[in-house]
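This is what each chain is made of:
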Amino acid sequence: MSLNHADLQFDAEHIWHPYTNLSEPTPVFGVESADGVHLNLSNGQRVVDGMASWWSAIHGYNHPRLNQAVKNQVDQMSHVMFGGLTHEPAIKLSRQLVELTAPELDCIFIADSGSVTVEVALKMALQFWHSAGNTQKKRFLSFRNGYHGDTFGAMSVCDPVTGMHSMFNGVLPKHLFVSSPDCRTDADWQDECIAEFEICIRTNHQQIAAVIIEPIVQGAGGMRVYCAEYLRQVRQLCDEYDVLLILDEIATAFGRTGTMFAYQQADICPDILCVGKAITGGYMSLAATITTKQVADTIGRFGDGNLMHGPTFMANPLACAVACESLKLLIESNWQERINKIESQLKLELAACLSIESVNDVRVKGAIGVVELKKAVNMHQIQPRLVELGVWIRPFGKLLYIMPPYIIQPAELSLLTSAMKQIATELAAN
Ligand SMILES: *Cc1c(COP(=O)(O)O)cnc(C)c1O
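### Observations concerning the site of the ligand
Then, number 1: Near the ligand, the surroundings consist of Ser113, Gly114, Ser115, Tyr147, His148, Gly149, Glu214, Asp248, Ile250, Ala251 and Lys277.
Then, number 2: Here an oxygen atom of the ligand and a backbone polar atom of Gly114 are 2.8 Å apart.
Then, number 3: Protein coverage of the free-state accessible area of the ligand, which is 380 Å², stands at 82%.

Right, here's the structure in full:
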């Protein structure tokens, strides 16, 4: 218990947390250490983590093999510039990514965060059309309720209303948006589901460089699930109208939705794929944009052919080394069975929430469980209450949701779902 009141006071006065107000700080909990699915808080409480640190800590915390991978690499070198130099961790990781992804996805840009991979993906698409001699295609088409990151390019393709960025209107380029898909499963499919998208791409394709969407599950923009058929048809329409398809799998890649990549559920392949979050098992910031030889070669043909991006910490060896080990760990594990079991348990245990007054909807996909409430929660009240119930769950707006580490045991998962039910019940009583 080393963090004291003065430390937390300093934090409140000086340090921004994600989307917070320094003039009116929201209470934060100190955390001392973490192991397995548990966080050990400064107040002495040990809570089950339902968030996997925003989708990333898929193997749990303090994993001996991941710890060892970092230790081994630190003794070789922590970092070197990637300009003009290369190293084993980057090559090994890229080999793994080429192998894991669809055969067409062959060319890799290793970046330092998800938002940066989205910037790179957008640049790839723009450079592709520029190199192909088409100077018209400069816009992007996205879904509403999407989330693609917080940097300017990424923000411009986030939901224009709920995307937390409306105050930047006027500074951001104007892209095209259609409603999020409302078909949850292929059984709900009607051709109307895709009508708005079809009209938008047909009308505007001459200006559209790429469609950029999150496949199967929309994450931070609304925690919505949609069917594989929609995604299949998006791919067909992109082909028909000569538009690239960028899939942002920063949240969904590496098993979260039940398949290694969500796009596999639609049996398609994107032109450009963004991965991040779970790639290092939650140890360090790392992400990658992966594309086809065709896109890479087209970009390479024009002018000096350079892809115009190159961050200082590109392909950081420590992060690449831990990512290699994390992917190895994932592949060696029975992750599919684990995710299936988590999914079944979530469906079973969260179904009860549907009959609670305060609940609007319940959605489960792979290791993701969502309880959508009728009203936005008051975080000042709910966050301490959740901790009191022994869990780390961080709701936003009307959404109470979890995406736990894959190693979670049934009793620990039940603790999470019970806490969600309890909160919904208490909200209904108020
Ligand atoms: C988290 C996320 C991002 C942004 O990644 P950062 O690493 O936070 O920059 C982009 N797209 C999706 C779908 C995400 O979930």
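That was the structure; now back to the text.
### A closer look at the sheet that holds strand β7 (residues 208-213)
Then, number 1: The strand order β4-β12-β11-β10-β7-β5-β6 describes an open sheet built from seven strands, whose pairing is mixed. With partners counted over all chains shown, the strands left at the sheet margins are β4 (105-111) and β6 (176-178), one partner each. Each adjacent strand pair in this sheet contributes to an overall mean axis angle of 20°, direction not counted.
Then, number 2: Relative to strand β12 (residues 287-292), strand β11 (residues 272-275) runs antiparallel, the two sharing four bridges. Residue pairing across strands places Cys274 opposite Thr289, the latter belonging to β12.
Then, number 3: The strands that helix α8 (residues 228-240) touches are β5 (139-143), β7 and β10 (244-248); relative to β10, the one it contacts most, it runs at about 150°.
Then, number 4: This element, helix α9 (residues 293-301), spans β4, β10 and β12 of the sheet and lies at about 85° to β12.

### Details of the domain arrangement of the protein
Then, number 1: Domain annotation for the protein reports domain 1 (5-62 + 334-429) and domain 2 (76-332).
Then, number 2: Computed from C-alpha atoms alone, the centre-to-centre distance between domain 1 and domain 2 is 27 Å.
Then, number 3: Between domain 1 and domain 2, the contact holds 27 residues from the first and 31 residues from the second.
Then, number 4: Of the roughly 2400 Å² buried between domain 1 and domain 2 on both sides combined, carbon and sulfur atoms contribute 62%.
Then, number 5: Asp361 is the partner of Arg184 in a salt bridge, and the nearest nitrogen-oxygen pair spans 2.4 Å.
Then, number 6: Where domain 1 meets domain 2, there are 13 residue pairs in polar contact (both at pLDDT 80 or more).
Then, number 7: Listed by contribution, the elements that provide at least two residues to the side of domain 1 that touches domain 2 are α2 (52-55), α11 (335-350), β13 (359-365), β14 (368-373) and β16 (399-402).
Then, number 8: Of all the elements, β13 adds the most residues to the side of domain 1 that touches domain 2, at four residues.
Then, number 9: Among the residues forming the side of domain 1 that touches domain 2, the class breakdown is 18 nonpolar, six polar and three charged.

### A short note on the packing of helix α5 (residues 114-131) against α9
Then, number 1: It is the contact of α5 with α9, at a shortest axis distance of 8 Å, that shows an interaxial angle of 60°. In this view, α5 runs oblique relative to α9, as classed from their interaxial angle. Here α5 runs over α9; the crossing is left-handed. Contacts from Met124, Gln127, Phe128 and Ser131 in α5 reach Gln294, Val295, Thr298 and Ile299 in α9.
Then, number 2: Here the residues of the contact of α5 with α9 are counted per class, giving four nonpolar, four polar and no charged.

### A short note on the nonpolar core
Then, number 1: Counting 134 residues, the largest nonpolar core has Phe197, Ile201, Val211, Tyr230, Ile246 and Phe254 as the members making the most contacts within it.
Then, number 2: If you tally residues by element for this core, the top one is α5, at nine residues.
Then, number 3: Counting the residues that make up this core, at least three belong to each of domain 1 (5-62 + 334-429) and domain 2 (76-332).

### As for the packing of aromatic side chains
Then, number 1: Per the stated rule, a full pass over the model turns up 12 aromatic pairs.
Then, number 2: Geometrically, the ring pair formed by Phe128 and Trp129 is edge-to-face, given 4.8 Å between the ring centres and 90° between the ring planes. Each member of the pair Phe128 and Trp129 is classed as buried.
Then, number 3: Note on Phe152 and Phe168: the rings are 5.7 Å apart at their centroids and 65° apart in plane angle, and the pair reads as edge-to-face. Placement of the pair is Phe152 in helix α6 (residues 152-156) and Phe168 in the loop between α6 and β6, with a sequence separation of 16 residues.
Then, number 4: We classify Phe152 as partly exposed; its relative accessible area is 45%.
Then, number 5: Members of the aromatic cluster, each reached through a chain of ring pairs, are Phe143, Trp189, Phe197, Tyr226 and Tyr230.

### Observations regarding helix α4 (residues 88-100)
Then, number 1: The terminal C-alpha atoms of α4 lie 18 Å apart, and with 13 residues this matches the ideal 18 Å at 1.5 Å per residue to within 8%.
Then, number 2: Looking at α4, one finds that the buried residues are Pro89, Ala90, Leu93, Ser94, Gln96, Leu97 and Leu100. End-on, the buried residues of α4 take up no more than an arc of 160°, which puts them together on one face. In this structure, α4 carries Glu88, Arg95 and Glu99 as exposed residues pointing more than 90 degrees from its buried face.
Then, number 3: Those residues of α4 hidden inside the fold are in contact with α3 (64-76), β4, β12 and α10 (317-332).

Reading the values: rules and limits
Residues numbered from 1 in each chain as written. Predicted model: local features only at pLDDT ≥ 70, side-chain atom pairs only at ≥ 80, totals over all residues. Heavy atoms only, no water. Near = heavy atom within 4 Å. Polar contact = N/O pair within 3.5 Å; in protein donor to acceptor, adjacent residues only side chain to side chain. Areas by Shrake-Rupley, 256 points an atom, 1.4 Å probe, with all protein chains shown as cover. Pairing = 2+ DSSP bridges. Helix = DSSP H or I, 4+ residues; strand = E, 2+ residues; numbered from the N terminus. Axes fitted to C-alpha atoms, helices over the stretch in contact; angles between N-to-C directions. Contact = heavy atoms within 4.5 Å. Domains from an automatic or database assignment. Buried area = accessible area lost by both parts, 1.4 Å probe. Salt bridge = Lys/Arg side-chain N within 4 Å of Asp/Glu carboxyl O. Nonpolar A, V, L, I, M, F, W, Y, C, P; charged D, E, K, R; others polar. Parallel < 35°, antiparallel > 145°, perpendicular 65-115°, else oblique. Left-handed = near helix turned anticlockwise from the far one by under 90°. Core = buried A, V, L, I, M, F, W, Y, C linked by side-chain atoms within 4.5 Å. Buried < 20%, exposed > 50% of the residue type's maximum accessible area, 1.4 Å probe, protein only. Phe/Tyr/Trp six-rings, centres within 6.5 Å; stacked < 30°, edge-to-face > 60°. Expected span 1.5 Å × (residues − 1). Arc of directions from axis to C-beta.

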